[in-house]
Amino acid sequence: AHCHRQFGWDAFPFVDPPVYVHDWDCADRMTVARVAKGQFDQPPAYWNGSTWGADPAAAANIVPGDRLVNASQMYLLGGKWVAITKVGDWFGTKIEIDVADRPQGPYTNVRTIATPAKCAGCNTYFASVLPYRGGDGSLLIGLSNNVFGALDLSRYHPTFFATPPV
């Protein structure tokens, strides 16, 4: 689960006039829950950091650090769980890649990738791992680039790049 209440919640603190973006009370948390295979109609169990339980309020944050995120993407790659997070959403300048042996973690940061904007007034957001690998097994990552609010769609330019395997 990820709280990604993105528009109209709280003012971004560094912009004047204010731009109302994320719900800051939840944008730095990602939790996991599970049900038995094929039993999607059953109540989920939530990972609380040490065991699975019925209380969703006790669910633990599984992404390391204290990050404002643009919905982390989780993948099972080569027997490892990989989380890719565009930290800071539109206003951030890095991607974090974390790995774990289990979907509930613990996750360990293995790589930080700089994501500079492609133009003045532009931003980057929504990093994702593509379902393909480079010839050396590298991860292929897609990243969106645009201006805040997408008022000028002619400035939208996705970026694709490779990073070594994790």
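Basis of the calculations
- Residues numbered from 1 in each chain as written.
- Predicted model: local features only at pLDDT ≥ 70, side-chain atom pairs only at ≥ 80, totals over all residues.
- Heavy atoms only, no water.
- Helix = DSSP H or I, 4+ residues; strand = E, 2+ residues; numbered from the N terminus.
- Buried < 20%, exposed > 50% of the residue type's maximum accessible area, 1.4 Å probe, protein only.
- Areas by Shrake-Rupley, 256 points an atom, 1.4 Å probe, with all protein chains shown as cover.
- pLDDT = per-residue confidence, 0-100.
- Contact = heavy atoms within 4.5 Å.
- Pairing = 2+ DSSP bridges.
- Salt bridge = Lys/Arg side-chain N within 4 Å of Asp/Glu carboxyl O.
- Axes fitted to C-alpha atoms, helices over the stretch in contact; angles between N-to-C directions.
- Core = buried A, V, L, I, M, F, W, Y, C linked by side-chain atoms within 4.5 Å.

### What to know about the overall build of the protein chain
Here's step 1: Within the protein chain one finds zero helices and ten strands.
Here's step 2: Put simply, the protein chain has 166 residues, and 40% of those count as buried.
Here's step 3: Roughly 9200 Å² of accessible area belongs to the protein chain as shown, and the carbon and sulfur atoms make up 58% of that amount.

### Points about the confidence of the model for the protein chain
Here's step 1: Of all residues in the protein chain, 80% attain a pLDDT of 70 or more, and the chain-wide mean is 83.
Here's step 2: Within the protein chain, the lowest mean pLDDT, 79, falls on strand β4 (residues 69-77), and the highest, 96, falls on strand β3 (residues 52-53).

### Some remarks on the side chain of S128
Here's step 1: Here S128 is to be found in strand β8 (residues 122-133).
Here's step 2: With residues near it in sequence (within four places) discarded, S128 still touches Q73, Y75, I84, L140, I141 and G142.

### Here we look at the sheet that holds strand β1 (residues 33-34)
Here's step 1: The strand order across the open sheet built from three strands is β1-β2-β3, with neighbouring strands paired in antiparallel fashion. The sheet is open, and its two edges are formed by β1 and β3, each paired on a single side.

### Quick look at the pattern of salt bridges
Two side chains bearing opposite charge may form a pair once their charged atoms approach each other closely.
Here's step 1: One pass over the full model with this rule turns up one salt bridge.
Here's step 2: Among the ionic pairs, E96 bridges to K94, the shortest N-O distance being 3.4 Å.
Here's step 3: Overall, the relative accessible area of 34% leaves K94 in the partly exposed class.

### Things to note about unusual backbone geometry
Residues apart from glycine generally show negative phi values, whereas peptide bonds are mostly found in trans.
Here's step 1: The peptide bond linking G105 to P106 adopts the cis configuration, its omega dihedral lying at 10°.
Here's step 2: Along the chain, P106 turns up in the loop between β6 (94-100) and β7 (108-114).

### Description of the sheet that holds β8
Here's step 1: Pairing within the open sheet is antiparallel, and its three strands lie in the order β8-β9-β10. Every interior strand has two partners, whereas the edge strands, β8 and β10 (159-163), have only one. The average angle at which neighbouring strand axes cross in this sheet is 30°, direction not considered.
Here's step 2: The pairing of β8 with strand β9 (residues 139-147) spans seven bridges and is classified as antiparallel.

### Considering the pairing of β9
Here's step 1: Across the nine residues of β9, eight count as buried, placing the element largely inside the fold.
Here's step 2: Of the pairings in the sheet, the one linking β9 to β10 comprises five bridges and is antiparallel in character. Bridging across to β10, L143 finds its partner in T159.

### Topic: the nonpolar core
General note: in soluble globular proteins, nonpolar side chains tend to be found buried as a group.
Here's step 1: Judged by nonpolar contacts, the single largest core of 13 residues is most densely connected at L77, I84, I95, I97, A127, V129 and I141.
Here's step 2: If near-sequence neighbours (up to four positions away) are discounted, I95 is found in contact with I84, T85, K86, R111, T112, I113, T115, A127, I141, L143 and F161.

### Description of the environment of G92
Here's step 1: By secondary structure assignment, the location of G92 is in the loop between β5 (80-87) and β6.
Here's step 2: On the accessibility criterion, G92 (14% relative accessible area) is buried.
Here's step 3: For the pair G92 and Y125, spaced 33 residues apart in sequence, the C-alpha to C-alpha distance is 8.1 Å.

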